[in-house]
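Observations on the model geometry
Chain by chain, the residues:
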Amino acid sequence: MTLAPNQLLPYATPLLIAWVFYRRVRGNFGPQAWRPGRVYFRLALVSLVTVMLALAAVFVPHAALPMVGGLAAGVVLGWFGLRHTHAEWRAGVRTYIPNPWIGGLLTLALAGRLVWRYTQGGGFSGAQQQPSVLTMAIAAVLIAYTLVYNIGLIVRMRELGEHPP
């Protein structure tokens, strides 16, 4: 018996989400090695998602204002997170230590919203349903935070220099 891809989706989606959350939580704690390729890839991907989210805001009723609020909150959190991130050289490698509270708060908000949506009948089946304005606002916070934080991190790492002092 073989399963069609649409039959595997309810099983694969939670696994993918768990992997993404694991990576996100792991990146919130302790020294992180500076990997510019990952940061630039993340910026490109998040920029694409930003354009898609902006288009969605046009077509989803009543979503524009909450998303603008989410973007503003994300910019403030990104700036605050960057101000509380330490960049340094460790054993000849550029590293940064992010503020675990801000990353943890954002991860918890996203996880809480996904759990709420799942337990209220949203599920992961991929069935068509009306987009949630709250989910879109939380996505806007995460996107703005990621853009501001990563751009600021690039600047901070450039200031740190290419070679250890």
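Throughout this document, residue positions are counted from 1 along each chain, in the order its sequence is written. Local features in this predicted model are restricted to residues of pLDDT 70 or higher, and side-chain atom pairs are both shown and tallied only at a pLDDT of 80 or more, whereas totals for entire chains, interfaces and linings draw on every residue. The side-chain quantities take in all heavy atoms of the structure and omit both hydrogens and water.

Thoughts on the pairing of strand E2 (residues 86-90)
What counts is decided by this rule: One requirement defines pairing of two strands: DSSP has to find at least two bridges between them. Going along the chain from the N terminus, every DSSP run of H or I of four or more residues is numbered as a helix, and every run of E of two or more is numbered as a strand.
Judged from the five bridges that link them, E2 and strand E3 (residues 93-97) form a sheet pairing that is antiparallel. Each residue of the ladder has a partner; that of Arg-90, found in E3, is Val-93. Where E2 folds back on E3, the antiparallel hairpin that results is connected by two residues, among which Ala-91 adopts a positive phi of roughly 50°.

Considering the pattern of salt bridges
Selection criterion: The term salt bridge refers to a pairing of a side-chain nitrogen on Lys or Arg with a carboxyl oxygen on Asp or Glu at a separation within 4 Å. Burial classes: relative accessible area under 20% of the type maximum marks a residue as buried, over 50% as exposed, and values in between as partly exposed (1.4 Å probe, protein chains only).
Scanning the model with the defined rule gives two salt bridges in all. The salt bridge involving Glu-88 is made with Arg-90; its shortest N-O contact spans 2.5 Å. Across the pair Glu-162 and Arg-94 runs a salt bridge, and its minimum N-O distance is 3.7 Å. Linking Glu-162 in the segment after helix H5 (133-160) with Arg-94 in strand E3, this pair joins segments that are 68 residues apart in sequence. Judged by its relative accessible area of 12%, Arg-94 falls in the buried class.

Overview of a nonpolar patch on the surface
The line we're drawing: Like-charged residues within 9 Å of one another, or nonpolar side chains (Val, Leu, Ile, Met, Phe, Trp, Tyr) within 5 Å, are grouped into patches, provided each residue has over 30% relative accessible area and no salt bridge. Only the protein chains shown count as cover for residues, and all accessible areas are computed by the Shrake-Rupley method using a 1.4 Å probe.
A surface patch of nonpolar side chains, about 490 Å² in accessible area, is lined by Phe-41, Leu-45, Leu-48, Val-49 and Met-52. Looking at the secondary structure, you find Phe-41 in helix H2 (residues 36-59). On the basis of relative accessible area, Phe-41 is assigned to the exposed category, the value being 58%.

Quick look at the pairing of E3
Sheet topology note: the strand E1 (residues 32-33)/E3 ladder contains two bridges and is antiparallel. Bridged to Gln-32 within E3 is Tyr-96.

Here's the deal with the confidence of the model for the protein
The cut-off we apply is this: What pLDDT expresses is the predictor's confidence in each residue, scored from 0 to 100.
Of the residues in the protein, 84% have a pLDDT of 70 or more, and the chain-wide mean is 82. Within the protein, the element-level pLDDT minimum falls on helix H1 (residues 5-26), averaging 70, and the maximum on helix H3 (residues 64-83), averaging 92.

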